[in-house]
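Here is what each chain is made of, one letter per residue.
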Amino acid sequence: MIEVKNVYKSFGHLEVLKDVSVSIQNGEVIAIIGPSGSGKSTLLRCINLLEVPTKGSVFVDGQDITDKKTNIAEIRKKVGMVFQHFNLFPHMTVLENMTYAPIKTKGADKLSIGKKALELLKTVGLEEKANVYPEKLSGGQKQRVAIARALAMEPETLLFDEPTSALDPEMVKEVLQVIKALAKTGITMALVTHEMGFAREVADRICFLEGGKLIEEATPEEFFSNPKTERAKQFLEKML
Amino acid sequence: MQFHKMVEFIPLLVKGVGVTLEFTVLSTIAGFILGIIIAVVKVSNIKPLKWLANFYTSIFRGTPLLVQLFIIYYATPQLFDYKIPALNAAVITFGLNSAAYISESLRGGIQAVDKGQKEAAMALGVSYFNTMVDIIFPQALKHVLPALVNESIALLKDSSLVATIGVMDVLRASETIMNTTFIPFEPLIIGAAIYYVLIGILTLLADVLERRVNRSDRS
Ligand SMILES: Nc1ncnc2c1ncn2[C@@H]1O[C@H](COP(=O)(O)OP(=O)(O)OP(=O)(O)O)[C@@H](O)[C@H]1O
Ligand SMILES: [Mg+2]
């Protein structure tokens, strides 16, 4: 369970998030959409403290992660993230990418985590790439490995920041399929995306961000067929 | 030409090569270890330490190496009432000096690593220390390896300065031969040739490394 409460974030004089509150129930999938520069990535990155809110709090399982006393590394083990540009470690094989953090941070046994990683690779359709370096993979394959790497930590929540924006069109589908399958497993997810059809299909709730404010929150049916705000209407006209 | 008269001094020259190499290797290692520490401080968020590291770098880059050598060798014994052996003084000076240069290369290398790498590691719950050691350094090192070899080439060249405080390196050996035989040309040419070969080998190594780095970048 994630609760973002009255979060503000500024970079210097630029106020990027203005009093944003949103909560995500266990097993819920929310899609964060909105125009470029509206603060979607920043909001997402506040949830695992890659950005520290200027004001407000973020609770993960009831624990305030903006509290100085919170061990943020422990929180991050429960909240995984998938990036737009994959950010695989280029000097490690696919398998090493996946097993490195579990071994380092959870003391996972090398053999059993290796086995588990192979299983995860199978679920994303890449078991034959286990011993390959990332440079030998296509963009879509890289992103699937990045998802598998996040899953190897057995997180309760996964954050996706435009997971398909850096991909060639023909590779978007394979990644979306993996995420869709994931959404059905009951893992909690927050995803920033420009793929409206995908958001509609996979999300339980849509959060529309504009100018650093969360100005509309609704079920996909409501939001896409009957948006309440003028700004959301304009945005959807442009996107669809 | 009286090169045949040099034959009896071959052992002296060989010893000189040994000293020059020993000195270069020790200084490189010292400079590398200290350079890593200073580089880490430079990319950290600890303001006073950062300031100190930058000050350190500016001192060692902003004064002549020979002056630094003389200060360590002649001036510090006055403070501590302890005479430093010439080779030790030289290794200390060169180590401290190259640490300043190496820390700059490393800092650049660390900062050149895509910041997504650090974010990905952090997002997986990896500690700052482990992120640096396992994720950032290996990638930074790859890029600065050629610069590091170039730094040891510079050290090898500058190593001849230690002859001025009496260390029996290649230059000092040549000088000794000159003073005993009263023949200046042959021993100095031989000395120069030795440096040329040693530096050539290191340069070759630097080229190979550079090509390796570039190759894995392309794929
Ligand atoms: N580290 C930073 N330093 C300064 N400004 C930043 C930083 N990160 C983001 N910004 C600014 O904050 C604003 C919101 O950025 P953010 O990345 O959250 O938007 P976004 O909604 O994800 O946009 P996009 O759809 O283009 O990814 C932008 O104006 C951006 O330039
Ligand atoms: Mg973004």
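Further up the page is the structure itself.
These remarks concern the structure in this document. Nothing here was measured: the structure is a model prediction, and the numbers come from that model.

## Focus: the overall build of chain B
Across its full length, chain B carries 8 helices and 0 strands. Burial analysis of chain B (219 residues in total) assigns 45% to the buried set. Carbon and sulfur atoms make up 69% of the accessible area of chain B, which totals about 11,700 Å². On chain B, the mean spot of the 17 positive side-chain charges and the mean spot of the 15 negative ones are 6 Å from each other.

## What about the site of ligand 1?
Residue and element names in this part refer to chain A. Around ligand 1, 13 residues are found, and the nearest of them are Ser-36, Gly-37, Lys-40, Ser-41 and Thr-42. Ser-36 places a side-chain nitrogen or oxygen 2.6 Å from an oxygen atom of ligand 1. The separation between an oxygen atom of ligand 1 and a polar side-chain atom of His-194 is 3.5 Å. When ligand 1 sits alone it has 630 Å² of accessible area, and the protein chains cover 60% of it. Of all elements in the fold, only β2 (14-24) and α1 (40-47) reach the threshold of two or more residues within the shell around ligand 1. Of all the elements, α1 adds the most residues to the shell around ligand 1, at 3 residues. Broken down by class, the residue content of the shell around ligand 1 amounts to 4 nonpolar, 7 polar and 2 charged.

## A look at the packing of aromatic side chains
Scanning all chains against the criterion turns up 9 aromatic pairs over all chains. Taking 5.3 Å as the distance between ring centres and 90° as the angle between the ring planes, the aromatic pair formed by A:Phe223 and A:Phe224 counts as edge-to-face. Relative accessible area serves as the criterion here: at 0%, A:Phe223 is assigned to the buried category. Where B:Phe70 meets B:Tyr74, the ring centres are 5.2 Å apart and the plane angle is 80°; that geometry is what we call edge-to-face. Of this pair, B:Phe70 and B:Tyr74 both sit in helix α3 (residues 65-80), separated by 4 residues, roughly a single helical turn. Note on B:Tyr74: relative accessible area 46%, which makes it partly exposed. Every member of this aromatic cluster is reached through a ring pair, and the members are A:Phe208, A:Phe223, A:Phe224 and A:Phe235. Its guanidinium or amino end placed over the ring of A:Tyr8, A:Lys55 lies 4.4 Å from that ring's centre, counting from NZ or CZ. Residue placement shows A:Arg149 over the ring face of A:Phe89; its charged tip is 4.5 Å from the ring centre.

## Some remarks on the pattern of salt bridges
Residue and element names in this part refer to chain A. A full pass over the atoms with the stated rule returns 16 salt bridges over all chains. Glu-217 is the partner of Arg-205 in a salt bridge, and the nearest nitrogen-oxygen pair spans 2.2 Å. Taken together, the residues Arg-205 in strand β9 (residues 205-210) and Glu-217 in strand β10 (residues 213-218) connect sequence positions 12 residues apart. The class for Arg-205 is buried, based on a relative accessible area of 15%. A residue is classified by how much of its surface remains accessible, and Glu-217, at 36% relative accessible area, is partly exposed. Each member of the salt-bridge network shares a partner with another, and the members are Glu-28, Arg-205 and Glu-217.

## What to know about the interface of chain B and chain A
Taken together, the contact between chain B and chain A spans 18 residues of the former and 23 residues of the latter. Taking both partners together, chain B and chain A bury about 1,700 Å²; carbon and sulfur atoms supply 60% of that area. Of all residues in chain B, the largest losses of buried area upon contact with chain A belong to B:Glu119, B:Ala123 and B:Leu124, amounting jointly to 34% of the total for that side. At the boundary of chain B and chain A, one finds 2 salt bridges. Its salt-bridge partner being B:Glu119, residue A:Arg45 comes within 2.7 Å of it at the nearest N-O pair. In this structure, the connection of chain B to chain A is made through 7 residue pairs in polar contact (both at pLDDT 80 or more). Where the side of chain B that touches chain A is concerned, the elements lending two or more residues are α5 (115-123) and α6 (128-158) of chain B. For the side of chain B that touches chain A, the element with the highest residue contribution is α5(B), accounting for 7 residues. When its residues are assigned to classes, the side of chain B that touches chain A shows 8 nonpolar, 7 polar and 3 charged.

What counts as what
- Residues take numbers from 1 onward in each chain, read along the sequence in its written order.
- As a convention, the first chain written is A and the first ligand written is 1, with the rest following in written order.
- Per-residue local features are limited, in this predicted model, to residues with pLDDT of at least 70; the limit for side-chain atom pairs, both in listing and counting, is 80 or more; totals at the level of whole chains, interfaces and linings are taken over all residues.
- The side-chain values count all of the structure's non-hydrogen atoms but skip hydrogen atoms and water molecules.
- A run of DSSP states H or I qualifies as a helix once it reaches four residues; a run of E qualifies as a strand once it reaches two. Both are numbered from the N-terminal end.
- Relative accessible area decides the class of each residue, using a 1.4 Å probe on protein chains only: under 20% of the type maximum gives buried, over 50% gives exposed, and in between gives partly exposed.
- Only the protein chains shown count as cover for residues, and the accessible areas themselves come from Shrake-Rupley with a 1.4 Å probe.
- Neither His nor the chain ends is counted toward charge; the positive residues are Lys and Arg and the negative residues Asp and Glu.
- Think of each charge as sitting on NZ of Lys, CZ of Arg, CG of Asp or CD of Glu.
- Residue proximity to a molecule or strand is established when one non-hydrogen atom of the residue lies within 4 Å of it.
- Nitrogen and oxygen atoms within 3.5 Å of one another constitute a polar contact, given that in protein one can donate a hydrogen and the other can accept it, and given that sequence-neighbouring residues count only through two side-chain atoms.
- In the scheme used here, Gly and all other residues not listed as nonpolar or charged are polar, with Ala, Val, Leu, Ile, Met, Phe, Trp, Tyr, Cys and Pro taken as nonpolar and Asp, Glu, Lys and Arg as charged.
- Stacked, tilted and edge-to-face are the three classes applied to pairs of Phe, Tyr and Trp rings, where Trp contributes its six-membered ring and a pair requires centres within 6.5 Å; stacked means planes under 30 degrees apart, edge-to-face means over 60, and tilted covers the rest.
- Whether a charge sits over a ring depends on NZ of Lys or CZ of Arg being within 6 Å of the ring centre and within 35 degrees of the ring normal.
- A carboxyl oxygen of Asp or Glu within 4 Å of a side-chain nitrogen of Lys or Arg is what we treat as a salt bridge.
- Every residue pair with non-hydrogen atoms within 4.5 Å of one another is taken to be in contact.
- Two parts placed together each lose some accessible area; with a 1.4 Å probe, that loss summed over both constitutes the buried area.

Everything listed here is a matter of geometry and, on its own, says nothing about what the molecule does.
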